[in-house]
Amino acid sequence: MLERIRIVLIGTSHPGNIGGTARAMHNMGLTDLALVAPRCEPLTADTVSRASGADALVHGAHTVETLEEAVADCTLVVGASARSRTLPWPMITPRALGERLPEELAAPESRVALVFGREDSGLTNAELQRCHAHVHIPTNPDFSSLNLAAAVQVLAYECRLAWLDHQADEPQAPAEQPLASHEELEHYFAHLERTLVAIGFHDPATPRQLMARLRRFTLRARPERMELNILRGILSYTERLVPRREDD
Ligand code: SAH
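Only a predicted model underlies this, so the values are computations on that prediction, with no experimental measurement involved.

What counts, and where the lines are drawn
- Residues numbered from 1 in each chain as written.
- Predicted model: local features only at pLDDT ≥ 70, side-chain atom pairs only at ≥ 80, totals over all residues.
- Heavy atoms only, no water.
- Axes fitted to C-alpha atoms, helices over the stretch in contact; angles between N-to-C directions.
- Helix = DSSP H or I, 4+ residues; strand = E, 2+ residues; numbered from the N terminus.
- Parallel < 35°, antiparallel > 145°, perpendicular 65-115°, else oblique.
- Left-handed = near helix turned anticlockwise from the far one by under 90°.
- Contact = heavy atoms within 4.5 Å.
- Nonpolar A, V, L, I, M, F, W, Y, C, P; charged D, E, K, R; others polar.
- Buried < 20%, exposed > 50% of the residue type's maximum accessible area, 1.4 Å probe, protein only.
- Domains from an automatic or database assignment.
- Buried area = accessible area lost by both parts, 1.4 Å probe.
- Salt bridge = Lys/Arg side-chain N within 4 Å of Asp/Glu carboxyl O.

Turning next to the packing of helix 8 (residues 182–198) against helix 9 (residues 210–221). Working note: a packed helix pair is described by the angle between its axes plus the distance between those axes. Packing of helix 8 against helix 9 brings their axes to within 11 Å, and their N-to-C directions diverge by 140°. Regarding the angle of helix 8 to helix 9, the classification is oblique. The two elements helix 8 and helix 9 meet at a crossing, and its hand is right-handed. Taken together, the residues of helix 9 that come into contact with helix 8 (itself represented by Leu-185, Glu-186, Tyr-188, Phe-189, Leu-192, Glu-193 and Leu-196) are Leu-210, Met-211, Leu-214, Arg-215, Thr-218 and Leu-219. Of the residues belonging to the contact of helix 8 with helix 9, the class tally is nine nonpolar, one polar and three charged.

Below you can see the structure in the form of structure tokens.
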């Protein structure tokens, strides 16, 4: 189970935090680290010193340019956020997140991503809206932002606690139908937006958070791959009914 939990760091600017994250992960038995567009050299003397022997995780980390690439194969994406944002999103506590993991990861192809933001500005709204849920570590409201590697440590610990608890449980039957992956969901959202524009329902010039609201609704439903295929089929039939504009 633990090997299918990916820690994703976006735009990290201090190598020490990458080292600290590797140490936190290795302590808790996590192995899968992805770095999205780091704003520093990931492997420096600071990294190695803060990793305290866990720098193999940094050597094995995947470095990619976008969040989409980092989580394309994930069936659950959770964003760690120090504060609440404009459009409220489903929230989960660190403990509840851990408790959900054994079931989320029952199917062998399922993967969970925990996404962490930049030291100075956290995660953008667009990044947060790509997550099924947000997790907030309860902290002093007057001083709520944890050091990045410390935030990773807290959530990695919850993963380990849940995994230890799960060792004693009966094995669970995986869900019959696989859930849609992040990549499949993103293809669906792009298709949906294209169709809504084509039928004149959505004007990207005055978005009024339409796509964000549809994202939130769809992500909350946790669609299976099969269900998403049905929705995409409906979109394709709808597109065929729309008369082509002259300038197309
Ligand atoms: N100043 C930034 C916080 C950056 S801390 C802001 O206001 O958004 C770097 C990252 O650590 C955050 O993006 C988040 O992923 C994680 N983090 C820090 N404190 C957290 C908390 N209390 N709960 C959940 N994640 C937290």
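On we go.
Non-glycine residue Ala-37 carries a positive phi angle of around 40°. The residue Ala-37 is located in the loop between strand 2 (32–36) and helix 2 (45–51) in this model. Residue classification places Ala-37 among the partly exposed residues on the basis of a relative accessible area of 27%.

This next bit is on the domain arrangement of the protein. You can read the domains of the protein as domain 1 (2–169) and domain 2 (182–241). Put simply, the middle of domain 1 and the middle of domain 2, counted by C-alpha atoms, are 28 Å apart. Each partner contributes residues to the interface: domain 1 has 18 residues there, and domain 2 has 11 residues. Looking at the side of domain 1 facing domain 2, the largest losses of area belong to Leu-87, Arg-130 and His-132, adding up to 41% of the total buried there. Across the domain 1-domain 2 interface, the total number found is two salt bridges. The shortest N-O distance in the salt bridge between Glu-186 and Arg-130 comes to 3.8 Å.

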